[in-house]
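# Structural overview
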Amino acid sequence: MRQKVIAGNWKMYKTIPEALRLVNQLRKKLEAQPPRRTRVIVCPPFTALAPVHEALQGSNIGLGAQNIFWEEEGAYTGEISAAMVKSTGAKYVIIGHSERRRYFHEEEAIINKKIKIALKNKLKVIHCIGESLEEREQGLTMEVVSNQVEWDLKDLTPQDLKNIIIAYEPVWAIGTGKTATPEQAEEVHSFLRDILDALFDKGAGKGMTILYGGSVKPENAASLLSQPDIDGALVGGACLKADSFFKIIQASEKVG
Ligand code: PEP
């Protein structure tokens, strides 16, 4: 049985004091009502990783980064390696987010290198994929997501998949307030499981944790999370307040 996961992508928000305030508020709520079926992960900016890790000591909240560089180390001014992220205490890293594909021109080959270096450094990967509005309107959604899975995960083994969570995030739904309907999301999630079976081995799809992301809020979380192939959510805007993120975790607990 796949575990439910609710992960928060803080993007470029929260200074260190703000990050500590948020995570302490969240921790308090989760300690009052501990989730029984849902893995909770927070992904603050790099600067807050080590302090947030410290603040999370003794809690079950997982910690992840939002990016890494694809080389082990070297003269890459301003970049952060997988080992550096690991040394903060983080266990996860988001790779392939549409904002990185769009603003930093990260293509499949780069994402593939980043996933490989993350796994080599024993970081679990939250791998984001999803189509643009134009691609959806042209009926290309399935082609786009299957290409992303094929090329981003090139050369990986079924064993590697155990350390990967996929997040299906239609680009047109991220930060826009537009959410995919539960049926639209379910259709893609179910298709992704077939693609994983075809690319890896039978059972790969069934075993994969696949999250939905794109304007998930307390008001729409339950209907999305109750779909059979949706295992949780990657949450942007609504994870920046402890109250709304906690309500999404509660919704996951209710449907789990
Ligand atoms: C995200 O950043 O991954 C995301 C889904 O953002 P939002 O929830 O704000 O759409």
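Scroll up a little and you will see the structure.
Residues numbered from 1 in each chain as written. Predicted model: local features only at pLDDT ≥ 70, side-chain atom pairs only at ≥ 80, totals over all residues. Heavy atoms only, no water.

### A look at the sheet that holds strand S2 (residues 38-43)
Read once around its circumference, the closed barrel built from 8 strands follows the order S1-S2-S3-S4-S5-S6-S7-S8, with strand pairing classed as parallel. The average angle at which neighbouring strand axes cross in this sheet is 25 degrees, direction not considered. Judged from the 2 bridges that link them, strand S7 (residues 209-213) and strand S8 (residues 232-235) form a sheet pairing that is parallel. From the neighbouring strand, Tyr212 faces S8, where its bridge partner is Ala233. (Pairing = 2+ DSSP bridges. Helix = DSSP H or I, 4+ residues; strand = E, 2+ residues; numbered from the N terminus. Axes fitted to C-alpha atoms, helices over the stretch in contact; angles between N-to-C directions.)

### Quick look at unusual backbone geometry
A positive phi angle, close to 90 degrees, is found at Lys14, a residue other than glycine. You can call Lys14 partly exposed: its relative accessible area is 25%. In this structure, Lys122 is a non-glycine residue whose phi angle is positive, near 60 degrees. Here Lys122 shows up in the loop between helix H5 (108-120) and strand S5 (124-129). (Buried < 20%, exposed > 50% of the residue type's maximum accessible area, 1.4 Å probe, protein only.)

### Quick notes on the packing of aromatic side chains
Per the stated rule, a full pass over the model turns up 3 aromatic pairs. Ring centres of Phe69 and Tyr76 lie 4.6 Å apart, and the angle between their planes is 40 degrees; on these two criteria the pair is classed as tilted. Using a relative accessible area of 8% as the deciding quantity, one classes Phe69 as buried. Through pairs of rings, three or more aromatic residues link up here, namely Phe69, Trp70 and Tyr76. Above the face of the Phe104 ring, Arg100 is positioned so that its terminal group lies 4.1 Å from the ring centre. (Phe/Tyr/Trp six-rings, centres within 6.5 Å; stacked < 30°, edge-to-face > 60°. Lys NZ or Arg CZ within 6 Å of the ring centre and 35° of its normal.)

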